[in-house]
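Listed here are the chains, written in short residue letters.
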Amino acid sequence: MTWSEMQPLLEQACTETLVMVGWSTLIAVVGGLPLGILLVLTDKGGLLQNTVVNKVIGQIVNVGRSLPFIILMVALMNFTRWVTGTTIGSEAAIVPLAIGGIPFFARLVETAVREVDHGLVEAVQAMGGNTWTIVRKVLVPEALPSLIASSTTTIIALIGYSAMAGTVGGGGLGDLAVRYGYQRFETGLMWITVAILAVVISLIQFAGDFAARALHRRGARSGPGPRLRLLKGEEPATAAVGKVA
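Residues numbered from 1 in each chain as written. Predicted model: local features only at pLDDT ≥ 70, side-chain atom pairs only at ≥ 80, totals over all residues. Heavy atoms only, no water.

## Some thoughts on the overall build of the chain
Per the secondary structure count, the chain includes 11 helices and 0 strands. N-terminal to C-terminal, the α/β element order of the chain is α-α-α-α-α-α-α-α-α-α-α. Here the chain holds 245 residues, and 35% of them are scored as buried. Long-range contacts, defined as pairs at least 24 residues apart, comprise 71% of the intrachain contacts of the chain with a sequence gap of at least 6. As displayed, the chain offers around 13700 Å² of accessible surface, 66% of which is attributable to carbon and sulfur atoms. (Helix = DSSP H or I, 4+ residues; strand = E, 2+ residues; numbered from the N terminus. Buried < 20%, exposed > 50% of the residue type's maximum accessible area, 1.4 Å probe, protein only. Contact = heavy atoms within 4.5 Å. Areas by Shrake-Rupley, 256 points an atom, 1.4 Å probe, with all protein chains shown as cover.)

Given below as structure tokens:
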């Protein structure tokens, strides 16, 4: 197979992989972020301590993470058909990719949020901050470098899942490698897809590491002051109330 014959196939496969991974990552982040934070908040000693809710969410996340992706795809075929109208193609592959990515990202979020200095949380509580304020002003901003790293890990995992989805008609680079590289013995095309995946994953990892380090350095330079800006902003109001009283 010549390069002129390979090029349109590679372009289409790359586009399909980009669409699959992009949408599934977005859904995984939107669904996994609140789940991960909720696992921390409802845990023992958390702001919303609730053992039952924590155990239920934890078990759901554990089951979602324990299923091999190929089995998850098969198990969700009826649901995928109900959502997209088909079980073949890149659009159909987004459904199991997203559902598989949500519990994966949720556990990474839980780990990242647990690393936040509890002293900051106690300081905001002492100033009367509610749970939403603590999540929005302390937990998420302080865990942001780790959350960026977690997102990078999730994207790379979903790229691997998307290649696996291609083996069962999900489209993308995995499908191209199987149909042409394996079934038609186009070894050159198969190795080109492997090289493309390797380069893409390396670039994503580099970009994620760079962003995480940049956010970490910015936080280190800013020191503890900006972290407690909310509290400092509330002090004058508290003092004014005291004077009026």
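## Thoughts on the packing of aromatic side chains
As enumerated under the stated definition, the model contains 3 aromatic pairs in all. Plain terms: the ring middles of Phe-69 and Tyr-161 are 4.9 Å apart, the flat faces sit at 5° to each other, and that makes the pair stacked. Here Phe-69, found in helix 3 (residues 69–75), pairs with Tyr-161, found in helix 7 (residues 131–165); they are 92 residues apart in sequence, far enough to count as distant. The exposure class of Phe-69 is buried, given its relative accessible area of 5%. (Phe/Tyr/Trp six-rings, centres within 6.5 Å; stacked < 30°, edge-to-face > 60°.)

## Points about the environment of Ala-211
Its place among the elements puts Ala-211 in helix 9 (residues 187–222). Look at Ala-211 and you get partly exposed, because its relative accessible area is 27%. A C-alpha to C-alpha distance of 10.0 Å links Ala-211 and Thr-152, two positions 59 residues apart in sequence.

## Quick look at the nonpolar core
By size, the foremost hydrophobic cluster in this structure holds 17 residues, and its most contacted members are Ile-37, Val-109, Val-113, Ile-134, Val-138 and Leu-139. Elements with a contribution of two residues or more to this core: helix 1 (3–41), helix 5 (90–114), helix 6 (118–126) and helix 7. Considering every element that reaches this core, the biggest residue donor is helix 7, with 6 residues. In contact with Val-113, other than residues within four places in its own chain, are Ile-37, Val-40, Leu-139 and Ala-143. Counting 12 residues, the second-largest nonpolar core is a separate cluster that includes Val-21, Ala-93, Leu-97 and Ala-165. (Core = buried A, V, L, I, M, F, W, Y, C linked by side-chain atoms within 4.5 Å.)

## So, the confidence of the model for the chain
Taken residue by residue, the chain gives an average pLDDT of 84. The fraction at 70 or more is 89%. Per-element mean pLDDT across the chain ranges from 44 in helix 11 (residues 229–244) up to 92 in helix 5. Taken together, the stretch residues 224–245 has pLDDT below 50 and engages in 13 contacts with residues farther than four places along the chain or on a different chain. (pLDDT = per-residue confidence, 0-100.)

## A short note on the side chain of Thr-25
Mapped onto the elements, Thr-25 comes out in helix 1. Of note is the side chain of Thr-25, whose polar atom sits 2.6 Å from the backbone oxygen of Val-21. For Thr-25, the residues in contact, after removing those within four places along its chain, are Ile-155 and Leu-158. (Polar contact = N/O pair within 3.5 Å; in protein donor to acceptor, adjacent residues only side chain to side chain.)

## Digging into the side chain of Asp-175
Mapping Asp-175 onto the fold places it in helix 8 (residues 172–182). A polar contact is formed between the side chain of Asp-175 and the side chain of Arg-179, at a distance of 2.8 Å. For Asp-175, the contacting residues outside a window of four places in its chain are Gly-166 and Gly-169.

## Let's talk about the packing of helix 6 against helix 7
Between helix 6 and helix 7, the least distance of the axes is 10 Å, while the angle of their chain directions is 160°. Between helix 6 and helix 7, the crossing angle belongs to the class labelled roughly antiparallel. Between helix 6 and helix 7 the crossing geometry is right-handed. Between helix 6 and helix 7, the contacting residues are Leu-120, Val-121, Val-124 and Gln-125 on the first element and Thr-133, Ile-134, Val-138, Leu-139 and Glu-142 on the second. Here the contact of helix 6 with helix 7 is composed, by residue class, of 6 nonpolar, 2 polar and 1 charged. (Axes fitted to C-alpha atoms, helices over the stretch in contact; angles between N-to-C directions. Parallel < 35°, antiparallel > 145°, perpendicular 65-115°, else oblique. Left-handed = near helix turned anticlockwise from the far one by under 90°. Nonpolar A, V, L, I, M, F, W, Y, C, P; charged D, E, K, R; others polar.)

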